[in-house]
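Reading the structure
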Amino acid sequence: MSFELPKLEYAYAALEPAIDARTMEIHHTKHHQAYTTKLNEGLTGTAFENKPIEEVLKNLSELPEAKCQGIRNNGGGFYNHSLFWRILAPESEMTAAGPQGELAEGIKSACGSIDDFKTTFEAKGAGQFGSGWAWLVLSSDGTLKVTSTPNQDNPLMATVAPEEQGTPILGVDVWEHAYYLHYQNRRPDYLKAFWSVVNWDRVSENLDRAKKGESILC
Ligand code: MN3
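This part covers the pairing of strand β1 (residues 132-138). Side chains on a regular strand alternate between the two faces of the sheet. A large share of β1 lies buried, amounting to 7 of its 7 residues. Across the two faces of β1 the burial is the same, with Gly132, Ala134, Leu136 and Leu138 and Trp133, Trp135 and Val137 all buried. Here β1 runs beside strand β2 (residues 144-150); their pairing, made up of 7 bridges, is antiparallel. Bridge pairing in β2 links Trp133 to Thr149. Hairpin remark: β1 followed by β2, antiparallel, with 5 residues in the connecting loop; positive phi at Gly142, about 90°.

Below, the structure written as structure tokens:
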């Protein structure tokens, strides 16, 4: 079975003013769709056809060399955006309340405080030269850490630096296509606004699933 573009759990306009409807629509129907289509094309005829996306990303080196880079880009693009839509939600009491429970404790252990975490995360996103992502990941030692990756790379990939690796539970797209229509060159403003539409319940759920080794995409 090939991968399908996931449906969003909210309308394109539901994240305004943090993320505008036009950006959401183009991002989902054009960019994410293109990664999905090209991933399926790339996997056709390989041993990874019909395998979970996490397995594909963790074993890129086992793909035929001619296909490896394309699947790295498009498989990362498919996974990263699938995660991104799921950790976003329209502004509510839940998004405003911030991280809770075990998630909040893990963040404080890693970064000192929730505010320090946000500062570190924003700096990672703003400091990612060119296109890429900033992440909150669960490390193999059970702690949380803030990382970033270029392009459509992802912390699950063995090809990224060991200190950037882990299971992502929160991520933000800092490609210009994610913010340019509304923010132009003001990436830091986009990153500040991002916090108003983070689905913290989902990030907590992602942490639970990551600890159990379960996929966080469904
Ligand atoms: Mn994108």
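Turning to the nonpolar core, a few remarks are in order. Counting 62 residues, the largest nonpolar core has Leu88, Phe117, Leu170 and Phe194 as its most contacted members. Broken down by element, this core gets its largest block of residues, 7 residues, from helix α3 (residues 65-86). Of the domains in this structure, domain 1 (20-86) and domain 2 (93-212) are the two that each give at least three residues to this core. Sequence-distant contacts of Phe194, defined by excluding residues within four places in its chain, comprise Phe84, Ile87, Leu88, Phe121, Leu170, Gly171 and Val172.

How each quantity is defined
Residues numbered from 1 in each chain as written. Predicted model: local features only at pLDDT ≥ 70, side-chain atom pairs only at ≥ 80, totals over all residues. Heavy atoms only, no water. Buried < 20%, exposed > 50% of the residue type's maximum accessible area, 1.4 Å probe, protein only. Helix = DSSP H or I, 4+ residues; strand = E, 2+ residues; numbered from the N terminus. Pairing = 2+ DSSP bridges. Core = buried A, V, L, I, M, F, W, Y, C linked by side-chain atoms within 4.5 Å. Domains from an automatic or database assignment. Contact = heavy atoms within 4.5 Å.

Honestly, that's just the spatial picture; any functional story needs more than this.
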